[in-house]
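One letter stands for each residue in the lines below.
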Amino acid sequence: MMTKTLGYAAQSAIAPLDTFAFERREPGPRDVQIEILYCGVCHSDLHTARNEWKNTVYPVVPGHEIVGRVTRVGGEVTAFKAGDLAGVGCMVDSCGTCPDCREGLEQYCPTFTLTYNSPDPHTGQMTYGGYSNRIVVDQRFVLRVPEKLDLAAVAPLLCAGITTYSPLRQWQVGRGDTVGVVGLGGLGHMAVKLAHAFGAQVVLFTTSPGKAADAKRLGADEVVISTDPDAMQSQANRFDFILNTVAAPHNLDAYLQLLKRDGTLCLVGAPQDPHPPLEVFNLIFRRRRLAGSLIGGIRETQEMLDFCAEHDIVSDIELIPIQKINEAYERMLRSDVKYRFVIDMASLEPKAETA
Ligand code: NAP
Ligand code: ZN
C-alpha cells in the first residue's frame, strides 16, 4: 500500500522544477507520517537539482528543511502522535550501529540515508524530499518543533541552523572569542545569530555591501567587505574561528591569514568546483587549521531547536508559493536572498473555490 503524494521535481539538470506526482510508503511500525506545512530552500537543493555535485538521479524532489503536522504514526511510535508538530532535516535514516551512529553523529554514518537523492532502502528507488505535501520518516529522525516559534521561520533551522550550530559548538565558540562568518546567505545569517547568542565577537565577511546594515541587526558587531584588500589586510591574525559558508570557489588564503595562531577556518560551503590551491605557509607558520563540518546529529539538532526556542531565534525568511521556486533559485545565485526562501506548502494544492 502506498500513499499518493504531490511534489515539485527537476527532471533534468536544465529543466525548471515542476509538479510531480509520486507515492510514499504507508507508515510502518516505527514511522511517522507528516503533512508538510513549510520547507526551506537550501543552496544544496539548487546544487542537486542542477547536478552540480554530479550525483543527481532524476527526477529529484529537493527539500530538507521540513516542518509539518503529524497525521499518522506506526504502532511502536511513542514520541509522536497525530496532531503534533514535527521537523525533518537532511537525513531520514542511518545504520544505527556504527561508531558514528552510537555517538549520535549519524551525519557521519557511512550508510546514512539523505532526505532526497539518496538510495531508499524502503522502496529501492531514490528518496524524495520536502518540496511535497507529505513525508514518511523513521521516528528516530523526526525532531520535536517548539510550538511557540513562527513555524515557517523554524524550517530553515533544520539545515541552515544545525549546519552552523554544530561547528560553533564543536569549536566551543563563546564569550571572549572573535569569530568570522563568511557569506550572508541562509547558513551565514544563522551563523551570525548563533555566534552572537553564544557571546562571541562576530565579524561578517560579505561581497554585498548592501547587506551590512542587516548583518548588524542580525547580530554582527562588525562587517568587512571581502572584496576590499585593505579592509581584509586590517583583519590579519585576529580570529579564533572562521565559519565559511560560501557556495562558490574562492581564495581561502584570504581567510587563513586572518586566523590567530592555532585558529581554525571551517568550511561548510560545498561549491561545485574545488577552491584554488592554498598557500601551505599560511597554515604552517601559525599552526592554523583548515576543517570541514557536515550538518549535525539528531541529538544535537534537537538541542539546537530547543536552544533557539529558549532564545527566540528563527530564520529571517521570505515566504514563497512553490510556483516561484525557479525564480527563487535564480535569486539565490545572485546572492539576493533575505535570508532564506521558505515554501508555503499550501500553495501546492490551491484550495478549490467554494461557490
Ligand atoms: P546561500 O543562501 O546562497 O548563501 C551563500 C552566500 O555566499 C551568498 O549569500 C553570498 O553572501 C556568498 N557568496 C555567494 N557566491 C559568492 C562568491 N562567488 N564569492 C563570495 N561569496 C559568495 O547558500 P546557503 O544555503 O547558505 O548554502 C551555502 C553553501 O553551504 C552551499 O554550497 C550549500 O550547498 C552548503 N551547505 C553545506 C552544508 C554542510 O553540511 N556542510 C549544509 C547546508 C548547505 P554575500 O552576499 O554576503 O557575499
Ligand atoms: Zn541544506
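Residues numbered from 1 in each chain as written. Chains lettered and ligands numbered in written order. Predicted model: local features only at pLDDT ≥ 70, side-chain atom pairs only at ≥ 80, totals over all residues. Heavy atoms only, no water.

Draft legend 1. Main features of the site of ligand 1. Around ligand 1, 29 residues are found, and the nearest of them are Thr-206, Thr-207, Ser-208, Lys-211 and Arg-340. A distance of 2.7 Å separates an oxygen atom of ligand 1 from a polar backbone atom of Leu-184. A distance of 2.8 Å is found between an oxygen atom of ligand 1 and a backbone nitrogen or oxygen belonging to Ile-295. For ligand 1, the protein covers 88% of the area, taking 920 Å² as the surface of the free molecule. For the shell around ligand 1, the secondary-structure elements that each account for two or more residues are helix 1 (43-49) and helix 5 (186-197). (Near = heavy atom within 4 Å. Polar contact = N/O pair within 3.5 Å; in protein donor to acceptor, adjacent residues only side chain to side chain. Areas by Shrake-Rupley, 256 points an atom, 1.4 Å probe, with all protein chains shown as cover. Helix = DSSP H or I, 4+ residues; strand = E, 2+ residues; numbered from the N terminus.)

Draft legend 2. How the structure looks around the packing of aromatic side chains. Evaluated as defined, the whole model comprises 10 aromatic pairs. Note on Phe-20 and Tyr-128: the rings are 5.5 Å apart at their centroids and 75° apart in plane angle, and the pair reads as edge-to-face. With Phe-20 in strand 2 (residues 18-25) and Tyr-128 in the loop between strand 7 (113-114) and strand 8 (134-138), this residue pair connects regions lying 108 residues apart in the sequence. What makes Tyr-128 buried here is its relative accessible area of 15%. A connected cluster of aromatic rings, assembled from ring pairs, spans Phe-20, Phe-22 and Tyr-128. (Phe/Tyr/Trp six-rings, centres within 6.5 Å; stacked < 30°, edge-to-face > 60°. Buried < 20%, exposed > 50% of the residue type's maximum accessible area, 1.4 Å probe, protein only.)

Draft legend 3. Up close: the environment of Ala-212. As for its placement among the helices and strands, Ala-212 is situated in helix 6 (residues 212-218). Here Ala-212 falls in the partly exposed class, since its relative accessible area comes to 25%. Each C-alpha atom of the pair Ala-212 and Val-224 lies 8.3 Å from the other, and the pair is 12 residues apart in sequence.

Draft legend 4. Region of interest: helix 5. The terminal C-alpha atoms of helix 5, which comprises 12 residues, lie 17 Å apart, in line with the 16 Å expected from a rise of 1.5 Å per residue. Most of helix 5 is tucked away: 10 of the 12 residues are buried. Just beyond helix 5, the residue with positive phi is Gly-199, at close to 95°. (Expected span 1.5 Å × (residues − 1).)

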